[in-house]
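Structural overview for review
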Amino acid sequence: MKAIKDKVLAVAKAAVLNGLAHETAGNFSMCKRETGAVVITPSALPRDTCCADDMCVVDLDGKVVAGCHQPSTETPMHTAIYREIPSVGAVVHTHSPYATAFAVAGKEIGPFAIEILKLNGRIPVVPYAIPGSADLAEKAVQYLKEYPVVLLQNHGLLATGKDLDQALLRAVVAEDLAKMGILASSLGGPQLLTEKQLEEIRSFKKSLQDKPSDEIVV
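Rules behind the numbers
Residues numbered from 1 in each chain as written. Predicted model: local features only at pLDDT ≥ 70, side-chain atom pairs only at ≥ 80, totals over all residues. Heavy atoms only, no water. Axes fitted to C-alpha atoms, helices over the stretch in contact; angles between N-to-C directions. Helix = DSSP H or I, 4+ residues; strand = E, 2+ residues; numbered from the N terminus. Parallel < 35°, antiparallel > 145°, perpendicular 65-115°, else oblique. Left-handed = near helix turned anticlockwise from the far one by under 90°. Contact = heavy atoms within 4.5 Å. Nonpolar A, V, L, I, M, F, W, Y, C, P; charged D, E, K, R; others polar. Core = buried A, V, L, I, M, F, W, Y, C linked by side-chain atoms within 4.5 Å. Buried < 20%, exposed > 50% of the residue type's maximum accessible area, 1.4 Å probe, protein only. Arc of directions from axis to C-beta. Salt bridge = Lys/Arg side-chain N within 4 Å of Asp/Glu carboxyl O.

Here we look at the packing of helix 1 (residues 2-17) against helix 5 (residues 164-185)
The packing of two helices is summarised by the inter-axis angle and the distance between the axes. Two elements in contact, helix 1 and helix 5, have axes separated by 11 Å at closest approach and are oriented at 15°. The pairing of helix 1 with helix 5 is recorded here as roughly parallel in orientation. Like other packed secondary-structure pairs, helix 1 and helix 5 cross with a definite hand, here right-handed. For the pair formed by helix 1 and helix 5, the contact residues are Lys7, Val8, Val11, Ala14 and Ala15 on the first element and Leu164, Asp165 and Leu168 on the second.

As for the packing of helix 2 (residues 75-84) against helix 4 (residues 134-144)
In contact at an axis separation of 9 Å, helix 2 and helix 4 are set at 40° when each is read in the N-to-C sense. As judged from the angle between their axes, helix 2 and helix 4 are oblique. The chirality of how helix 2 crosses helix 4 is right-handed. Across the interface between the two elements, Pro76, Met77, Ala80, Ile81 and Glu84 from helix 2 touch Leu136, Ala137, Ala140, Val141 and Leu144 from helix 4. A breakdown of the residues in the contact of helix 2 with helix 4 according to their chemical character gives 9 nonpolar, no polar and 1 charged.

Things to note about the nonpolar core
Of all hydrophobic cores here, the largest spans 41 residues; its most connected members are Phe28, Val92, Ile109, Ile123, Leu151, Leu157 and Leu177. Among the secondary structure elements, those contributing two or more residues to this core are helix 1, strand 2 (37-40), strand 5 (90-94), helix 3 (97-105), strand 7 (149-152), strand 8 (156-161), helix 5 and helix 6 (195-209). In terms of residue count, the dominant contributor to this core is helix 5 (8 residues). Among residues more than four places away in sequence, those in contact with valine 92 are Val11, Asn27, Phe28, Leu157, Leu158, Ala159, Leu164, Ala167, Leu168 and Ala171. Counting residues in hydrophobic clusters, the runner-up holds 21 residues, among them Val38, Ile81, Ala129 and Leu144.

Regarding helix 4
Buried within helix 4 we find Leu136, Ala137, Ala140, Val141 and Leu144. Down the axis of helix 4, the buried side of the element spans an arc of 130°, and every buried residue falls inside it. Turned more than 90 degrees from where helix 4 packs its buried face, Ala134 and Glu138 sit exposed. Among the structural elements, helix 2, strand 6 (125-126), strand 7 and strand 8 are those in contact with the buried residues of helix 4.

A short note on the pattern of salt bridges
Counting across every chain of the model gives 6 salt bridges. Where arginine 122 meets glutamate 108, a salt bridge forms, and the shortest distance between an N and an O atom there is 2.6 Å. Of this pair, arginine 122 sits in the loop between helix 3 and strand 6 while glutamate 108 is found in the loop between helix 3 and strand 6, placing the two residues 14 residues apart along the sequence. Relative accessible area serves as the criterion here: at 27%, arginine 122 is assigned to the partly exposed category. Put simply, glutamate 199 and arginine 202 hold a salt bridge, and the shortest N to O gap is 3.2 Å. Residue glutamate 199 and its partner arginine 202 are located together in helix 6, separated by 3 residues, close to a single helical turn. In this structure glutamate 199 comes out as partly exposed when scored by relative accessible area, which is 38%. Ionic contacts of the salt-bridge type, sharing partners, join the residues Glu195, Glu199 and Arg202 into one network.

What follows is the structure, given as structure tokens:
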């Protein structure tokens, strides 16, 4: 369990360094599927002052099983994702500025750059619900069953992955896409790729790399 705590803390700190979160904003978790234990960042503790022992351990129902701090208030959302989507091994929730700007505007991140192929073609907006509520967890899960990254309306970004490295990378890619979209808006707006164009790129890249579409290097 120590290795998982170390990894969760390292990714939380990396998110801060990458400008995806600051101080206590955002939350990060990893699920040990063999036991159903979830390691998640604590509530209201700045990442730069945390140590691995500050990470919290909960079960898949959100019950605290280890740790001396309160787990993130978004724990119900994390555990709902793990219960409902077995392929997810890690969750990253950030308030990164460009992606959150899209979330605040209630606008999805569409296919205006080929990197969107890493995220199944679009980043949709999950309708608003109270942060930390069961309602938000339920809504987020429904979207995450199809898309690995979603925007939470008026809130932030939620990225999933088979592990924390993949989840964090997806959050970084999403933030870069959001920045591209906002910058392109100052030039008259981004030009969207058509579904036909996206499919042609998927097929071409897959023929070269022989990889699943969500792992294609673009």
